[in-house]
Amino acid sequence: MSLISSPVRIVLALLGASTLFWGSAGTAFSAPSPEEQEARAILLEIDDLWRASSSQGLVRMQVKTANYTRTMRMEIWSQGKEKSLVRIVSPLKEKDTASLKTGNTMYTYLPRTDRTIRLTSGMMMSSWMGSHFTNDDLVKESRLSEDYDPRITFRGNRDTRDIIEFTLLPHRYAAVVWGRIVMTVTAQGHLPLLAAYYDEDNVLARTIYFSEVKKMGGKLLPAVLKVVPTDKPGEYTELVYEDLRFDLDLPESLFSLLELRRR
Amino acid sequence: MQLGTMAWRNLMRNKRRTLITAFSVAFGVLLSVTFTASGDYAYTNMINTGAIMGLGHLSVEHPEYQDTPTMDKRLRDAEDIRQHLLQASGVTAARIRIMGQAMFASGAKSVGGTFIAIDPDQETPAYNIFLRTLVDGRCFTADEEHGVVVGAKMAEKLNLRLGKKLIFTLTDKNGDLISELSRVSGIFKTGDDSVDGALVLLPLELVRGALGYEPKAASLVAVFLDDHREASALQGVFAGIWAGRPDIAILRWQQSQPDLAGLIAVDRLFNYLLQFLVGLVIAAGITNTLLMSVMERRREFGIMMALGMMPGQVVRLVLLESCWLALLGLALGVVITTPWFLYMAGIGIDFSRQIGEDYSAGGVLIDPVMKFRLYRESAMWIGGAVFSLTLAAGIFPAFKAGKTPPVENLKQG
Amino acid sequence: MQIVSFALRNFNRARTRTWITVGAMAFACAIMIFYASLLEGWLAAMEKNAVGMDLGEFQVHVRGFRDDPDLYKSIGDEEHVLARLKENGFVASPRLYASGLVAAGNASSGVELRGVDLAREKLVTSLDQHVWQGQWLDEQDHGGVVVGRKLARILALKVGDEVVVVAQGADGSTANELFRVRGILQSVAQGVDRSGFFMTSATFRRLMIVPHGVHAIVVKRGVAGEELDIATSRLANLLPGYEVRNWRQLQPVLARLFNMSDISLVIMLLITYAAVGILTLNALLMSIFERIPEFGVMKALGFSPWGIFAMIVVESMLQVTVAAALALGAGLPLALYFGRHPIDFSRFVQSSSTIAGIAFDARWYCVVTVNSVVLPILFLYLVAGLAILYPALKAALLKPLSAIYHR
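Residues numbered from 1 in each chain as written. Chains lettered and ligands numbered in written order. Predicted model: local features only at pLDDT ≥ 70, side-chain atom pairs only at ≥ 80, totals over all residues. Heavy atoms only, no water.

Caption draft 1: Examining the domain arrangement of chain C more closely. When its domains are assigned, chain C resolves into domain 1 (2–51 + 254–404) and domain 2 (64–240). Just the C-alpha atoms count here: the centres of domain 1 of chain C and domain 2 of chain C sit 48 Å apart. (Domains from an automatic or database assignment.)

The structure is reproduced here in structure tokens:
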């Protein structure tokens, strides 16, 4: 019925190729078919669902590392698959810092120096805004069905919940660093619970936890995402959706360099 | 009587002294050959190593590529240019390459570096130092469109093994970021950490596609020559062929690798300075000996001049003596130098314990084995220089001989 | 003493020949003094470049910093450490490091940001004197930075240009500021040339939000005479909690280069003197040969073989001494002259060149050191001494009668 939320896709873009299943409550599975076909179908559904026209929201991000703890609030917009804009609202020091992504290009505007920097390959792996996301995560929008082969690996009860577990294996030539991604969603409604990222040596690199399912913008979805790196215990980055709306009429000019600099 | 024969006989009168003096000339030849030949070998080695590290003895590229090597600066018809180049004499090989900066990531780690995109069908270890120093695996084949060869240090940093994937990200000709997957097919180790940790070989077609290049485009064509000394001449020839193309620049290695060129120039100069100094010392010694022999024969010269010989002839006599000495010395020099030269040219001396395997200068790894290589021109120069110096050493004694005072004034005995 | 007086008198005989021989030896020795000074000068320049410009004699870090540099691995009690070093005869300067990005126009490049303590850095390195264009940092100029030579080329920077620095501050925020290029350095070393970006400590602390602590302390011996190894262990004992390294440990390739150069000087000396030695030997042989009747008479009159031997040796040592004196008289001024007016190769060296990663100066000064003067002279004695052995022995073992009637 309703279309997939783009903020979710923004979040996914932020997380870099992770798959989150946002289903509207009433989505039904297709008729029984071999497991793979089913998984692919759901994946396609998800991909399709993401092609929402637009979104707008307010997110709070808290980063805890061994050396600092920060909280930032930002406004986010998206349009289609390719365009997104993030603008920092607080803290005051970084207010109006903005990141614009169009396709494979990313620009960051720094209000303090009034300069716009274009992302170069050298900056890819540096952390975005001090969080556990890299710029690469933001830019690389892995389209699940294009980059991964899904397989349902478990269906049943775990920790008193009925869940479906997907394993996504990257295509032979997909430009993603992960060896595989294991996704756990609720059997009913396909609400994501957990996403585990493994590198090629099968070492768990990071885990994303989803919680606080709420109704936002007319849909039911987890409002809190928590990224936990495996090699740095105690550290995490947590995203909390405070507000989210879909299918708005966003002007094209919003996703432009000019807009980037507007305060 | 022929002065020449007389000069010779004079020399032969004191065989031991003549022999010793000739030997010191020969020693000079030995030293000169040693310094020059080891230098020439080392320089040629460094130049060739520098060439096979990517840019060749000559590189044909976009005029602005050298200063700002961004991906938009390219030769659109590189393949055609290459065909042309292969026809010139003196060119042993020409390789199409795309070179640039990229980010390399594997798992959670990443490192920045340089890539050289090569055509596996064209490339051979002869003209590619990285293929030459493979320690594991092999180069990717034409079918393996996503193969990659990385340096040992990078493999260590990124935890790579054969078959593991490496994602590289680069900025294409429009400034956009492109990422591609590749799998490690080989690992090389040159010994220079800065190279082993930051350089990667990629397949040409893969990179061409990623950059959105025209089907025949590339960053440069690296040209390899029979003899690196031909570089300037061939540069002129090629510049002439493509004079009408402002989008093509021909650079010889001195221009594409100025650090290396500067270093070699200075080292060569120092080498010559050294040889000159030693030559001076030997010449001084020869002058010393000749002078002594002249002093001893004053009575003799006095008598000769009393009997009608002109002072000028006496001078010429002594000069001829030093001429003979020079020839003798050269001949002796060839005799003692040849076995030494043959040994060093073939086997050489291994200094790796003292220098180590990772010594680099001018950006190029230096071979710790010292060997010789003498160009014909150099040999001729050495011969000429030794001859002239010996001759020059005889000038002062010759004049002294010519100024011998009348016999009556010479002391007895 | 008889021997010496004989030797002295013999010196005056056959004057021309003696002086010619002495002349040749003096010439060779003078040339060697010049060459040795040139080599010393080259080594001194390289060491100055390596050590004096950026590396320093020693560096102190928190353990693990060098392998994996981190904004947070800092020496916390730097003032205390600096005070201790001062008390113990060392001179030290703190440094701050961070990695960042510099953008100018459309170009950008990764850099190593360096916070410099202007007052103290002067004491341990001479970076401030190696500005190629523009000026060095100034405490009052908060927005001025100095960049490495290659970095300036990569970003097409001139003095006065504006650059943006972007980095991750210590609190996780995005540090970004505008700076103006105050100066561009000469070629120093590969690292500094390509990614050196210098600012005052105060500016660094403000930009990167690092109010306390430093990442490295660069140290120099207060007293020049102390041996490097001894000083290193003394320093390490003073600061047990930290990692202490001297420049040879920090740059082993460079250290090897210096070791090699010492050897090469000795080899050069041997080679050159060998050439001279052959001729000197001949001259000596000749003179001995002629005086065989004389020696015969001396022996017949009671001179011991040892006496003859000693006399000949003393004679030739006298010659060497005179030669050495002459050599000093000629070679020393020559070396000193080139100590002021360097041999300039800069026409041949287009841009910066490096050996073992250190910038290579195209102007060569002679540096007269004890080594550069003593070694050539010492070797002269050695070679001459060796050369005289055979002739002297031969003379000493003559049979008097056959000697007298020799010829």
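Caption draft 2: Main features of the pairing of strand β9 (residues 220–225) of chain B. All names here are of chain B. Most of β9 is tucked away: 6 of the 6 residues are buried. Taking every second residue as pointing to the same face, both faces of β9 are buried, with L220, A222 and F224 on one and V221, V223 and L225 on the other. With 4 bridges connecting them, strand β1 (residues 58–61) and β9 associate as antiparallel partners. Considered in β9, the bridge of S59 is made with A222. (Buried < 20%, exposed > 50% of the residue type's maximum accessible area, 1.4 Å probe, protein only. Helix = DSSP H or I, 4+ residues; strand = E, 2+ residues; numbered from the N terminus. Pairing = 2+ DSSP bridges.)

Caption draft 3: Up close: the packing of helix α14 (residues 376–393) of chain B against helix α15 (residues 395–402) of chain B. Residue and element names in this part refer to chain B. Across the interface, α14 lies against α15 with an axial gap of 4 Å and an inter-helix angle of 30°. What the angle tells us is that α14 and α15 run roughly parallel. Of the residues in α15, those in contact with L391, A392 and A393 of α14 are I395, F396 and P397. Of the residues in the contact of α14 with α15, the class split is 6 nonpolar, no polar and no charged. (Axes fitted to C-alpha atoms, helices over the stretch in contact; angles between N-to-C directions. Parallel < 35°, antiparallel > 145°, perpendicular 65-115°, else oblique. Contact = heavy atoms within 4.5 Å. Nonpolar A, V, L, I, M, F, W, Y, C, P; charged D, E, K, R; others polar.)

Caption draft 4: Here's a closer look at the environment of I75 of chain C. For I75 of chain C, the location among the structural elements is in the loop between β1 (58–61) and α3 (78–87). Beyond its immediate stretch of four places on either side in the chain, I75 of chain C contacts V60, H61, V62, V81, G213, V214, I217 and Y242 of chain C.

Caption draft 5: Seen up close, the confidence of the model for chain A. Of the residues in chain A, 81% have a pLDDT of 70 or more, and the chain-wide mean is 78. Within the model, pLDDT remains below 50 along residues 1–33 of chain A, and this stretch shows 119 contacts once partners closer than five positions in the same chain are excluded. (pLDDT = per-residue confidence, 0-100.)

Caption draft 6: Structural view of the side chain of S37 of chain C. All names here are of chain C. Here S37 is to be found in helix α2 (residues 15–55). Side chain to side chain, S37 and S372 meet in a polar contact 3.2 Å long. If we skip the residues at most four places from it in the chain, S37 touches A335, Y365, C366, V367, V368 and S372. (Polar contact = N/O pair within 3.5 Å; in protein donor to acceptor, adjacent residues only side chain to side chain.)

Caption draft 7: Here's a closer look at the packing of aromatic side chains. Residue and element names in this part refer to chain A. A complete count under the given rule lists 14 aromatic pairs over all chains for this structure. Note that R206 overlies the ring of Y197, its terminal NZ or CZ placed 4.8 Å from the centroid. When the ring centre of Y236 is taken as origin, the NZ or CZ atom of K226, which lies over that ring, is 4.2 Å away. (Phe/Tyr/Trp six-rings, centres within 6.5 Å; stacked < 30°, edge-to-face > 60°. Lys NZ or Arg CZ within 6 Å of the ring centre and 35° of its normal.)

Caption draft 8: Region of interest: the nonpolar core. With 118 residues, the main nonpolar core has L85, L113, F197, M208 and I217 of chain C as its most contacted residues. The dominant element in this core, judged by the number of residues it contributes, is α2 of chain C, at 20 residues. Apart from residues lying up to four places away in sequence, I217 of chain C is in contact with F58, Q59, V60, I75, V81, L82, L85, A92, S93 and P94 of chain C. Among the nonpolar cores identified, the runner-up in size contains 81 residues, and A51, L55, L202 and A231 of chain B belong to it. (Core = buried A, V, L, I, M, F, W, Y, C linked by side-chain atoms within 4.5 Å.)

Caption draft 9: Quick peek at the confidence of the model for chain C. Overall, the prediction assigns chain C a mean pLDDT of 84, with 94% of residues at 70 or greater. Across the whole predicted complex the pTM is 0.77, and at the interface the ipTM reaches 0.77.

Caption draft 10: Structural view of the environment of P333 of chain C. On the secondary structure map, P333 of chain C appears in helix α12 (residues 305–340). For P333 of chain C and V368 of chain C, which are 35 residues apart along the polypeptide, the C-alpha to C-alpha distance reads 9.9 Å.

Caption draft 11: Representation of a nonpolar patch on the surface. Judged by side-chain polarity, V297, L301, L401, I404 and Y405 of chain C come together as a nonpolar surface patch covering roughly 570 Å² of accessible area. Mapped onto the elements of the fold, V297 of chain C is located in helix α11 (residues 292–300). (Patch = residues over 30% accessible without salt bridge, like charges linked within 9 Å, V, L, I, M, F, W, Y side chains within 5 Å. Areas by Shrake-Rupley, 256 points an atom, 1.4 Å probe, with all protein chains shown as cover. Salt bridge = Lys/Arg side-chain N within 4 Å of Asp/Glu carboxyl O.)

Caption draft 12: Broad picture of the pattern of salt bridges. Under the definition given, this model contains 45 salt bridges over all chains. Residue E165 of chain A pairs with R158 of chain A through a salt bridge whose shortest N-O separation is 3.0 Å. Note that D54 of chain C and R95 of chain C form a salt bridge whose closest N and O atoms lie 3.9 Å from each other. With D54 of chain C in helix α2 and R95 of chain C in strand β2 (residues 90–104), the pair connects residues that are 41 residues apart, well separated along the chain.

Caption draft 13: Main features of the interface of chain A and chain C. At the junction of the two partners, chain A supplies 15 residues and chain C supplies 17 residues. Interface area for chain A against chain C, summed over the two sides, is near 1400 Å², with a carbon-plus-sulfur share of 55%. Along the contact surface separating chain A from chain C lie 3 salt bridges. Between R115 of chain A and E162 of chain C there is a salt bridge; the shortest N-O distance is 2.2 Å. Summed over the shared surface of chain A and chain C, the number is 9 residue pairs in polar contact (both at pLDDT 80 or more). (Buried area = accessible area lost by both parts, 1.4 Å probe.)

Caption draft 14: Quick look at helix α11 (residues 298–306) of chain B. Residue and element names in this part refer to chain B. Buried within α11 we find F301, G302, M304 and M305. An end-on view of α11 places all buried positions within 165° of arc, on one side of the element. Those residues of α11 hidden inside the fold are in contact with α1 (3–13), α10 (258–296), α12 (311–346) and α15. A positive backbone phi angle near 120° is found at G308, which sits one or two residues after α11. (Arc of directions from axis to C-beta.)

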